[in-house]
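Each chain is listed here by its residues.
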Amino acid sequence: MTLSEPKAATWVLKYFGCGNEALIGDLLEEYWKGHSLTWYWRQVLMAVLVGCGSEIRANKLLAVRALVTGCAASILGYYLITLPLYKLYWGATAALRSSRYEMWWSHYYTYPVVFVPCIGGFLSGWLVARLHRTNRVVMVGAFVALTMFADFREFLRLAADSLTNSRFLPYLLD
Amino acid sequence: MARRSFLGNFELMVMLALLRLREEAAYGVPILREIEETGGREVALGSIYAALERLEQKGLVSSELGQPTAERGGRAKRYFCVTAQGLREVRETQRMLKKLWKNVPQLQGGAA
């Protein structure tokens, strides 16, 4: 029986790792000799992390510049894009709710609002990539990691709120 | 006193594994096996390649690509070998470690 190549993992290593063909070949050789798919993914993720770490260590100033640029763009994006869009959106949905055109499906208009903060985030990431073209994957990755780290406490708070919310408890306890 | 950089722990392990292997077998997988068998712990191939790249940048290791083979999905092997400068560096590290090893009372007698 011939095993097929784990294409998704190889793609991740090729584009988010160092793109080292010899390393991909070594991993495939070991995988086809009997290592599990979990082993393959673990090796790929480790290679990506180690590769990013090495690239950041080799370009410390560029990494600092990327993080500062990303954070500045996020703050600007919040005031120039997210806040005005929120105001516009809530204004429009409030007008719709109070008008005679309100239908049973009108509240669905509020759902896309959760994507509004993403616009600023995407634009910040795009700017970081644009200004650091040679190391864009690593620099955007570092910026995303910093953003996630900064939002981790809020994420935990929301998760704890959801888990202790009386609306969800019956489903969680069943 | 002149400032010089010494080999790190993992870099030294990779260099020693390379020296133990025959030249035609010194690529990622055998290096990984050598380190795992002697070190007794799992090592990521990515870490070995990262260390080899650092060593190559320092001029302690050189590499060349072999022929692509079907059992590697058409990817070539990258063979590594220790340069003369690399061998000097390993000897120097060995000499320094031997000196440091001497007269350490806690390490004498075999009891932890």
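So, how was this worked out
Residues numbered from 1 in each chain as written. Chains lettered and ligands numbered in written order. Predicted model: local features only at pLDDT ≥ 70, side-chain atom pairs only at ≥ 80, totals over all residues. Heavy atoms only, no water. Helix = DSSP H or I, 4+ residues; strand = E, 2+ residues; numbered from the N terminus. Buried < 20%, exposed > 50% of the residue type's maximum accessible area, 1.4 Å probe, protein only. Areas by Shrake-Rupley, 256 points an atom, 1.4 Å probe, with all protein chains shown as cover. Lys, Arg positive; Asp, Glu negative; His and termini not counted. Charge placed at Lys NZ, Arg CZ, Asp CG, Glu CD. Phe/Tyr/Trp six-rings, centres within 6.5 Å; stacked < 30°, edge-to-face > 60°. Domains from an automatic or database assignment. Contact = heavy atoms within 4.5 Å. Buried area = accessible area lost by both parts, 1.4 Å probe. Salt bridge = Lys/Arg side-chain N within 4 Å of Asp/Glu carboxyl O. Polar contact = N/O pair within 3.5 Å; in protein donor to acceptor, adjacent residues only side chain to side chain. Nonpolar A, V, L, I, M, F, W, Y, C, P; charged D, E, K, R; others polar.

### Side note on the overall build of chain B
No. 1: Check the secondary structure of chain B and you find 4 helices and 2 strands.
No. 2: Taken from N to C terminus, the helices and strands of chain B fall in the order α-α-α-β-β-α.
No. 3: Its C-alpha atoms put chain B at 55 × 35 × 20 Å along the principal axes.
No. 4: Across the 112 residues of chain B, 38% fall into the buried class.
No. 5: In the structure as shown, chain B presents an accessible area of about 7200 Å², 52% of it carried by carbon and sulfur atoms.
No. 6: When the 18 positive and 13 negative side-chain charges of chain B are each reduced to one mean point, those points stand 7 Å apart.

### What about the packing of aromatic side chains?
Each pair of aromatic rings is reported with the distance of its centres and the angle of its planes.
No. 1: Per the counting criterion, the structure on display carries 7 aromatic pairs over all chains.
No. 2: When the centroid spacing of 6.0 Å and the interplanar angle of 70° are considered together, the rings of Tyr 49 of chain B and Phe 80 of chain B count as edge-to-face. Note that Tyr 49 of chain B is positioned in helix H3 (residues 45-57) and Phe 80 of chain B in strand S2 (residues 75-82), a separation of 31 residues in sequence. Neither Tyr 49 of chain B nor Phe 80 of chain B differs from the other in exposure class; each is buried.
No. 3: Taken together, Trp 11, Tyr 15 and Phe 16 of chain A form an aromatic cluster joined through their ring pairs.

### Here's the deal with the domain arrangement of chain A
All names here are of chain A.
No. 1: We note that the domain assignment places domain 1 (7-58) and domain 2 (60-173) within chain A.
No. 2: Placing a centre on the C-alpha atoms of domain 1 and another on those of domain 2 gives a separation of 30 Å.
No. 3: At the interface, 7 residues of domain 1 touch 6 residues of domain 2.
No. 4: For the pair domain 1 and domain 2, the two sides together bury roughly 590 Å², of which 64% comes from carbon and sulfur.
No. 5: Of all residues in domain 1, the largest losses of buried area upon contact with domain 2 belong to Glu 55, Ile 56 and Arg 57, amounting jointly to 70% of the total for that side.
No. 6: At the junction of domain 1 and domain 2, the tally comes to 0 salt bridges.

### A short note on the interface of chain B and chain A
No. 1: Counting from both sides, the interface comprises 22 residues of chain B and, opposite them, 23 residues of chain A.
No. 2: Counting each side, the surface lost to burial between chain B and chain A is near 1700 Å², with a carbon and sulfur contribution of 50%.
No. 3: By the criterion of area lost to chain A, the three top residues of chain B are Leu 45, Arg 72 and Arg 75 of chain B, representing 33% of everything that side buries.
No. 4: Across the chain B-chain A interface, the total number found is 6 salt bridges.
No. 5: Glu 21 of chain A serves as the salt-bridge partner of Arg 75 of chain B, at 3.1 Å between the closest nitrogen and oxygen.
No. 6: The tally of links from chain B across to chain A stands at 11 residue pairs in polar contact (both at pLDDT 80 or more).
No. 7: For the side of chain B that touches chain A, the secondary-structure elements that each account for two or more residues are helix H2 (28-39), H3 and S2 of chain B.
No. 8: For the side of chain B that touches chain A, the element with the most residues is H3 of chain B, which contributes 7 residues.
No. 9: Looking at the side of chain B that touches chain A, its residues break down into 9 nonpolar, 4 polar and 9 charged.

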